[in-house]
Amino acid sequence: ESLPNEIPASSTEIVTKCMTDPNVAVQNYAFAAAKRMQEPQHVEIALAALKSSDDQWLRWAAQDIAIKYGARYKCVMAWASRLRASGDTVDGAAGDAVDRLFRILIGSNAKHLSVSLDVPKNGPDAGALRNRWEEFLIANKDKIEAGYEFQPNELPVANLGLRF
C-alpha cells in the first residue's frame, strides 16, 4: 500500500466519491485513504458498504471506519444483517459476520481465545441466527455503544453460533 499516513483534507471530496465507485478496487483504495482521514461523514458510507459489499477487505475497512467514529452499535447491527440467505443458500459473508461480531464484542478479551463458528447451512438457519444476534445486540445496546468488552461467559454462545 503506497498511501501516505495522513491524507490531506483537500482530498476529501474525491475520496468520498470513490468510496461509492462501482469498481471494488477503487472503493478499497478509497476506504484505505478514508481510514487515515478525519471525516465523520464517511461513517454512513462505510455502514452501507458493510451491509452490502461482497468484498471481504472492503467490509473490514468499513468496520474500521465505523468503529473509529463511535458507530460500534450500528456496526454490529450491520454485521448481523449479513446473516441472510439468498434463496436456499447462505450468503458467503455469514461466517465472516459471526467472527466479526464476536471479535468486536469481546475486544481485547479475545486475544488468547480459540473459538469455532457454527455457520448456518441454509436460509432458515441464517434467519434464525440473525434474529438471535439482533435480540442480543438490542438488549445490550447501551453496553455496546459505551465500548464495553464482554467476557466470553457473558455471551449466550450456543445461541449465537459460537463454540469455545
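Our structure's up above, just so we're on the same page.
Residues numbered from 1 in each chain as written. Predicted model: local features only at pLDDT ≥ 70, side-chain atom pairs only at ≥ 80, totals over all residues. Heavy atoms only, no water.

By secondary structure assignment, the location of Thr20 is in the loop between α1 (12-18) and α2 (24-35). Residues Thr20 and Ala49 lie 29 residues apart in sequence; the distance between their C-alpha atoms is 8.2 Å. (Helix = DSSP H or I, 4+ residues; strand = E, 2+ residues; numbered from the N terminus.)

What follows is about the nonpolar core. Residues Phe31, Trp133 and Leu137 are the most contacted members of the largest nonpolar core, which totals 46 residues. For this core, the secondary-structure elements that each account for two or more residues are α2, α3 (42-52), α4 (56-68), α5 (72-81), α6 (94-106) and α7 (123-139). No other element matches the eight residues that α6 contributes to this core. Each residue touching Leu137, except ones within four places of it in the same chain, is listed here: Tyr73, Val76, Met77, Ala80, Leu101, Leu105 and Ile144. (Core = buried A, V, L, I, M, F, W, Y, C linked by side-chain atoms within 4.5 Å. Buried < 20%, exposed > 50% of the residue type's maximum accessible area, 1.4 Å probe, protein only. Contact = heavy atoms within 4.5 Å.)

Okay, the packing of α6 against α7 next. Running from amino to carboxyl end, α6 crosses α7 at an angle of 15°, the nearest separation of the two axes being 12 Å. Comparing the axis directions of α6 and α7 gives the class roughly parallel. Here α6 runs over α7; the crossing is left-handed. Between α6 and α7, the residues in contact are Val98, Leu101, Phe102 and Leu105 and Leu129, Trp133, Phe136 and Leu137, respectively. (Axes fitted to C-alpha atoms, helices over the stretch in contact; angles between N-to-C directions. Parallel < 35°, antiparallel > 145°, perpendicular 65-115°, else oblique. Left-handed = near helix turned anticlockwise from the far one by under 90°.)

Mapped onto the fold, Arg84 is located in the loop between α5 and β1 (85-86). Separated by 36 residues in sequence, Arg84 and Pro120 place their C-alpha atoms 9.2 Å apart.

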